[in-house]
Structures are given as structure tokens and as C-alpha cells.
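Descriptive analysis of the structure
Here are the chains, one letter per residue:
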Amino acid sequence: MHKTALVPYAHLPRAHHDRHVLTSTVDVFGTAHWLLTDRAPKPGRDVLPFDALVVSVRPGGNVELTELSAVRSRWPRLDRLPDGGFVVAASRTRRREEEDDDQVQVFDALGRETSSFSVGDAIEHLLVDEAGHIWVGHFDENPAGIRRWSATGRLAWTSYDADIPGLYDCYALNVSGTTAWACPYTDFPLVEIRPDSPDSPDRPVRVWSNRIRGANAVAVHGERVVFYGGYGQEKDRLAHGELTERSVEPTDVGLLTLPDGLAPGRRRVVGRGSRIYVQAEPFTAWGVFDLST
């Protein structure tokens, strides 16, 4: 099976390697972000508010630092808003009921909290689009599926009545521009979501059947699609396909490796349009695979 190596993309500056990486992401404009603390969280359910540092590395290499005050999430999701602020969300709510008004914190560009709200338990993916909408995909402990929120906590779109087959766990979510692509468990269809499309306002969702199972990242470019990940020995699989009118037709399969040719091991993945970003332990560097090149 042939191998494709990730291209080095962004590195956490060495001056910050002594801090603990809580989480990291690549935003819709291609800037990489690391959320850092002085030390790893301690075991236990409750966490006292703490200050954190966001280190942002732009595509050209420029570095920005943003201090966030009174972060409340031990295992957070992170993304940047178009105005320079940040969204930090706890992947699990602190109570069994869905409402937890402190779950999502919105910070301005100076690192000050401006609002907080709940989007529900079991966050698998949290990605902000170019318009500032917050897309949330849930794993199977929350049947909410995929939803889009405003930066003030208003629910703007939900997959509840979108007729997406077998949506129990949002395995893969890709947000680029203001469009989302998903590949959810159990049927693993490829799903395109355009809630604001002027061409089909009454049908914002398009679905293609798909035989490629278990991917946790997806990228799309024109009529081509690629799925990354899978079950068991297929965790490093890179499966290519072509879009027909109603289905994804597999065309090729290989392995995706780190730039040095090694398997990633533990990793984070982010899908953005034609790109899949991969970050392997110790989570200080991002590599990229771009379907458009």
C-alpha cells in the first residue's frame, strides 16, 4: 500500500515547549492555535478557573500571543472567531442535563470573556466558519447530531429534521467558508450542509451514500473526496473517492504518514475544505494533506 507524507505546516515556537498543550486547532483562515497552561490538569470533576495562553502561528509564520482569563474547561475545544476573539468549550458538561451555561466561553481579542452559553454534552468537533458561526458535532452520548450556533449562543441550524441517514455520532466534520461537510456514524454518508445557500434555501443538505467506513476526517475538492482514518489497522488509511450524482465511488487507498514517514500514533485532526491537518503527540507541530495539490 503506497504512502503519502504530510507536509510540515506550523510549529509551536520552542520558547513555549515548557508549557502543557491543553488543545490545538487550525482555524478557517489557516492559522494554527495552541491553548497552553503551566501544568496538566489534575484528576477530578471540578476545575478552578485558570489563566491560559493562546499561541497563534499564521501561515506566513508570524506569531501572536493572547492571554485568556478564567478559563473553566479541563478538556477544551478551541477555535478563533473572525474578529480575533476565541471560543473555548468544555467537551463534556458538568451535569447530566444539557444546560450548562458555563460550557462555552467566548473571549474578545484581548482575552476577556464576553459571554458564555451551552451547546450540549459530548462535543466531538467544534469549528468556526468564516462568518463566525460555531459548528458543533456531537458523539453518541448526545443524540443532537450536528448543530450550528451564533457566537452569542443562538441555535441557528440543527440536523434534527435534515434527513441524514444513521446520524448517531459525528465521526468527521469539515468546515470551510460557510459550508460544512460531515461523515457520521452509523451509515457514513458524505453530507454537505449549506444553510445559507441562495440556490436551494429549502434543501440545505445534500447526501451521498458511501462505502468507506470509520473515517474521522474528510476533505473535498470539486468532485473529489478523501477520507482519513478508520477502524483498527485502518487508522492511518487515506481513502480517495469521486462524487457521482448519489454516491461516493472509491478510487484509491493508501496510508497517510508524518513528514518523516512514520505513523502518527495519537493525533488530532482538523478538516478544512480540501485540507486535512494532522497533529501527532507531543502536539507541537501540524502537518497538512491538501487534496487540491
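Residues numbered from 1 in each chain as written. Predicted model: local features only at pLDDT ≥ 70, side-chain atom pairs only at ≥ 80, totals over all residues. Heavy atoms only, no water.

What follows is about the overall build of the chain. Secondary structure summary: the chain contains 0 helices and 25 strands in total. Relative to a compact globule of 293 residues, whose C-alpha radius of gyration would be 19 Å, the chain shows 18 Å and is just as compact. For the chain, the spread of C-alpha atoms along the three principal axes comes to 50 × 45 × 35 Å. The proportion of buried residues among the 293 residues of the chain is 55%. For the chain, the accessible surface area stands at approximately 13,800 Å², while carbon and sulfur atoms represent 48% of it. (Helix = DSSP H or I, 4+ residues; strand = E, 2+ residues; numbered from the N terminus. Rg over C-alpha atoms; globule rule 2.2 N^0.38 Å. Buried < 20%, exposed > 50% of the residue type's maximum accessible area, 1.4 Å probe, protein only. Areas by Shrake-Rupley, 256 points an atom, 1.4 Å probe, with all protein chains shown as cover.)

Per the stated rule, a full pass over the model turns up 8 aromatic pairs. Where Trp135 meets Trp157, the ring centres are 6.2 Å apart and the plane angle is 45°; that geometry is what we call tilted. Residue Trp135 is found in strand β12 (residues 134-138), and its partner Trp157 is found in strand β14 (residues 155-158); the two are separated by 22 residues along the sequence. An aromatic cluster of three or more residues is present, and its members are Tyr171, Tyr185, Phe188 and Tyr231. Directly above the ring of Phe283 sits Arg268, whose terminal nitrogen or CZ lies 4.2 Å from the centroid. (Phe/Tyr/Trp six-rings, centres within 6.5 Å; stacked < 30°, edge-to-face > 60°. Lys NZ or Arg CZ within 6 Å of the ring centre and 35° of its normal.)

The buried fraction of strand β20 (residues 224-228) is high, at 4 of 5 residues. Looking at chain direction, strand β19 (residues 217-221) and β20 are connected through 5 bridges and run antiparallel. Bridged to Val218 within β20 is Phe227. Adjacent in sequence and paired antiparallel, β19 and β20 are bridged by 2 residues, among which Gly222 carries a positive phi angle near 60°. For β20 and strand β21 (residues 237-243), the ladder comprises 5 bridges, and the chain directions are antiparallel. (Pairing = 2+ DSSP bridges.)

Quick look at the sheet that holds β12 now. Taken in spatial order, the 4 strands of this open sheet run β11-β12-β13-β14, and their pairing is antiparallel. Whereas interior strands pair on both sides, the edge strands pair on one side only; in this sheet they are β11 (123-128) and β14. Averaged over all adjacent pairs, the angle separating strand axes in this sheet is 20°, with direction ignored. (Axes fitted to C-alpha atoms, helices over the stretch in contact; angles between N-to-C directions.)

This part takes up the nonpolar core. Among the nonpolar cores identified, the biggest contains 30 residues, and Trp34, Trp135, Ile146, Leu173 and Ile193 are the most heavily contacted of them. At the level of elements, β3 (20-26), β4 (32-37), β5 (50-57), β15 (167-176), β16 (179-186), β17 (190-193) and β25 (285-290) are the ones that each hand at least two residues to this core. What Ile146 contacts, discounting residues up to four positions off in sequence, is Trp135, Val136, Gly137, Trp157, Thr158, Ser159, Leu167, Cys170, Leu173, Ala182 and Ile193. Grouped together as the second largest cluster of nonpolar side chains are 16 residues, Ala172, Ile212, Val218 and Val248 included. (Core = buried A, V, L, I, M, F, W, Y, C linked by side-chain atoms within 4.5 Å. Contact = heavy atoms within 4.5 Å.)

Glancing now at the environment of Tyr185. Looking at where Tyr185 falls in the secondary structure, it is placed in strand β16. C-alpha of Tyr185 to C-alpha of Pro198: the two residues are 13 residues apart in sequence and 29 Å apart in space. If near-sequence neighbours (up to four positions away) are discounted, Tyr185 is found in contact with Gly166, Leu167, Tyr168, Asp169, Tyr171 and Tyr231.

Before going further, it helps to spend a moment on the pairing of β16. Regular strands show a simple pattern: their side chains alternate between the two faces of the sheet. Of all the 8 residues making up β16, 6 are buried; the element is thus mostly covered by neighbouring parts of the structure. Looking at chain direction, β15 and β16 are connected through 7 bridges and run antiparallel. Along β16, the bridge assignment pairs Ser176 with Thr179. Counted along the chain from β15 to the antiparallel partner β16, the turn is 2 residues long, and its residue Gly177 has a positive phi close to 65°. Both β16 and β17 contribute to a ladder of 3 bridges, which runs antiparallel. Among the inter-strand pairings, Ala182 is bridged to a residue of β17, identified as Val191. If you look at the hairpin formed by β16 and β17, you'll find 3 residues sitting between the two strands, and Phe188 has a positive phi there, around 55°.

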